[in-house]
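Tertiary structure, described
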Amino acid sequence: MHSTNDRPMQDFEYEMIDRTGRIVKGRGQAASVRDLARELNAEGHTVIEVREPRAARSSPFRRGIGMQDRITALHELATLLESGVPLGDAVRAQAGGSRHHALAAGFEAVTGALMRGQSFVEALRAGDLRIPAYVYHLVGAGELNGRLAEALRQAVEQMQYDQRVSAEMRDALFYPSILIVAGCTAVLLVFVFVIPQFSGLLESGNQFPLLAEAVLRAGLWFDAQGWSLVGAVAVIAVAATMLLRRERVRQRVRDGLSTLPILGDWFAEADTAKWASMMSAMLGSRVSLMDSLGVAIHAVRISRRRATLQQAANDVRGGVSLSAALEKRRALTPAGYSLLRAGEQSGQLAQMLRALATLHDENSRRRMKRVLALIEPLAVVVVGSFLGIIMIGIILAITSVNDVAI
């Protein structure tokens, strides 16, 4: 008798590998997810997942498929393959167990392509799972050398690395962005609601200091054009949003930011870390050097660096070693060239590229903290200065009206 018998029994869905090695799905009753998993394990089965019934988890609102959903699905697929589950059974398990309808449909398409005799990488492309291009190269190489599970695991780790880097950069810029938007909003509200209350001072006929008169007249103009300004801001916001959806526009913004002294160094470190990490993953999965270079170059976000790495790739195609080509194009630091030369001489280029990625990743984080250390106080100073100038202008206007001859 379980000690949890006094708790109400619930229905759960489970997915497991039975004692014959087949994937089995079903339903069972238990007091909790842990209890049902324990019972199935006690019977000699290997539990993959125990969850609430799908109907209990359904929502009237369908969310879009995200990168984390794709990472989770490929992670589960890699785990099944590492556990010895046949590829066809593993893919069918994902088709039936994916929490997102689009992922389930994608894996069903993969299953159909496998049944038609296509290779796994061809089937994966047919599934249209919208995964990064390097995943197909890693999977293709894994199929050729018989290390599909390991290649898929490296693809998952690279996707997790990419997601972490993107999240860190997004989170790093979130607070400064909120600070700047809040400061601009505060300045706008002062012009719209506060300064117009003092507009009658202009009718007194007094001579105001230049700053006071400029602030008061600006307030009157904002008051008169209030709705027009709201509409203009809305139009600009919508136009900016639509433009930023275009990759060409985003690329120009990134290229422009990369020319700034501190931001440029940060972006360069982050790009180098991502390039080296991808190169390491692909070479570790026995992808050819030229294929690895071709795919990894597309992970670089700055056009200037992308062109430099493409020139280095052309040099490698012409017979130059990777370290020499990169040094010729000044694509890395002296430490990076030394690491790559050591990797080429020892036959451990993938490991050295991983070390290079770690080195630049740490440098990128330090530069990110330095950027934040400058942006936040700078935003406070700029916004505070604007508000201070406005307040000084109002005070000067009030004191000018109240001046009496003594």
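Throughout, residues of each chain are indexed from 1 in the direction in which the sequence is written. Owing to the predicted nature of the model, reporting of local features is limited to residues with pLDDT of at least 70; listing and counting of side-chain atom pairs is limited to 80 or more, with chain, interface and lining totals taken over all residues. Hydrogens are left out, water is left out, and the side-chain values use all remaining heavy atoms of the structure.

**Observations regarding the overall build of the chain**
Of the regular secondary structure elements, the chain holds 17 helices and three strands. Based on the C-alpha atoms only, the size of the chain along its principal axes is roughly 105 × 70 × 40 Å. Expressed as a percentage of contacts within the chain between residues at least 6 apart in sequence, the contacts between residues at least 24 apart total 59%. Looking at the chain as shown, the accessible area adds up to about 22600 Å², and 59% of this sits on carbon and sulfur atoms. In the chain, the 46 positive side-chain charges and the 39 negative ones have mean positions that sit 5 Å from each other. Only DSSP runs of H or I reaching four residues or more are called helices, and only runs of E reaching two or more are called strands; each is numbered from the N terminus. Whether two residues touch is decided by their heavy atoms; if any such pair falls within 4.5 Å, the residues are in contact. Exposure was quantified through the Shrake-Rupley algorithm and a 1.4 Å probe, taking into account, for residues, occlusion by the shown protein chains and nothing else. Neither His nor the chain ends is counted toward charge; the positive residues are Lys and Arg and the negative residues Asp and Glu. Charge positions come from single atoms, namely NZ of Lys, CZ of Arg, CG of Asp or CD of Glu.

**Comments concerning the pairing of strand β1 (residues 10-17)**
Consecutive side chains of a regular strand alternate in pointing toward one face of the sheet and then the other. Categorising residues by exposure relies on relative accessible area from a 1.4 Å probe, with only protein chains included: less than 20% of the type maximum marks a residue as buried, more than 50% marks it as exposed, and the intermediate range marks it as partly exposed. Of all eight residues in β1, six are buried, a share of seventy percent or more. A pair of strands is labelled paired if DSSP reports no fewer than 2 bridges between them. Judged from the eight bridges that link them, β1 and strand β2 (residues 23-30) form a sheet pairing that is antiparallel. Each residue of the ladder has a partner; that of M16, found in β2, is V24.

**Topic: a nonpolar patch on the surface**
Residues with no salt bridge and a relative accessible area higher than 30% make up the patches, which join like charges within 9 Å and nonpolar side chains (Val, Leu, Ile, Met, Phe, Trp, Tyr) within 5 Å. Definition used for salt bridges: Asp or Glu carboxyl oxygen within 4 Å of a side-chain nitrogen of Lys or Arg. On the surface, a nonpolar cluster with roughly 450 Å² of combined accessible area is contributed by L189, F193, V194, M391 and I395. Of all the elements, helix α8 (residues 148-194) adds the most residues to the nonpolar patch, at three residues. Inspection of the secondary structure puts M391 in helix α17 (residues 349-401). Residue classification places M391 among the partly exposed positions, given a relative accessible area of 36%.

**As for the pattern of salt bridges**
Per the stated rule, a full pass over the model turns up 14 salt bridges. Here R164 ties to D361 by a salt bridge, and the two come within 3.1 Å at their closest N and O atoms. On the criterion of sequence distance, the pair formed by R164 in helix α8 and D361 in helix α17 is long-range, its members being 197 residues apart. Residue class for D361 comes out buried when judged on its relative accessible area of 12%. Bridged by salt links that share partners, the residues R164, D361 and R365 form one connected network.

**Side note on the packing of aromatic side chains**
Each aromatic ring pair is described using two quantities: the centre-to-centre distance and the angle formed by the ring planes. What counts as a ring pair is set by centres within 6.5 Å for rings of Phe, Tyr and Trp (its six-membered ring), and what kind of pair is set by the plane angle: stacked under 30 degrees, edge-to-face over 60, tilted for all other angles. In the structure shown here, the tally under the stated rule is one aromatic pair. We call a charge positioned above a ring when the Lys NZ or Arg CZ atom is no farther than 6 Å from the ring centre and deviates by at most 35 degrees from the ring normal. When the ring centre of Y136 is taken as origin, the NZ or CZ atom of R125, which lies over that ring, is 4.4 Å away. We note R301 situated over the ring of F267; from NZ or CZ to the ring centre the distance is 5.7 Å.

**Remarks on the nonpolar core**
Remark: nonpolar core denotes a set of buried residues (Ala, Val, Leu, Ile, Met, Phe, Trp, Tyr, Cys) joined through side-chain atoms within 4.5 Å. Counting 65 residues, the largest nonpolar core has L124, V135, W275, L326 and L353 as the members making the most contacts within it. Among the elements that line this core, the one with the most residues is helix α3 (residues 67-82), at seven residues. With sequence-adjacent residues up to four places away left out, L124 is seen in contact with V110, L129, I131, V135, Y136 and V139. Ranked by size, the runner-up nonpolar core spans 13 residues in total, among them V190, A212, I390 and I394.

**Examining the confidence of the model for the chain**
The predictor attaches a confidence to each residue, called pLDDT, with possible values from 0 through 100. Chain-level pLDDT for the chain is 81 on average; 90% of the residues reach the 70-or-more range. Within the chain, the element-level pLDDT minimum falls on helix α2 (residues 54-57), averaging 46, and the maximum on helix α15 (residues 322-328), averaging 93.

**Description of the environment of G66**
Among the secondary structure elements, G66 is positioned in the loop between α2 and α3. When the C-alpha positions of G66 and I394 are compared, they lie 51 Å apart, and in sequence the two are 328 residues distant.

**Observations concerning the environment of L293**
By the element assignment, L293 lies in helix α13 (residues 289-297). By relative accessible area, L293 is classed as buried at 3%. With 29 residues separating them along the chain, L293 and L322 place their C-alpha atoms 9.7 Å apart. What L293 contacts, discounting residues up to four positions off in sequence, is W275, M279, A313, V316 and L322.

**Digging into helix α14 (residues 303-317)**
Expected helix span is taken as 1.5 Å per residue step, with the number of steps being one fewer than the number of residues. Taking 1.5 Å of rise per residue, 15 residues should cover 21 Å, and α14 covers 21 Å from first to last C-alpha, within 8% of that figure. Restricting attention to buried positions, one finds in α14 the residues R305, L309, A312, A313, D315 and V316. Around the axis of α14, the buried residues are gathered within 155° of arc, so they sit on the same side. Exposed side of α14, more than 90 degrees from the buried face: R304 and R317 are the residues found there. Tucked into the core, α14 has its buried residues touching α12 (261-284), α13 and α15. In the stretch just after α14, G319 is the one whose phi turns positive, near 110°. Working definition: the arc comes from the directions between the helix axis and the C-beta atoms, pointing outward to the latter.

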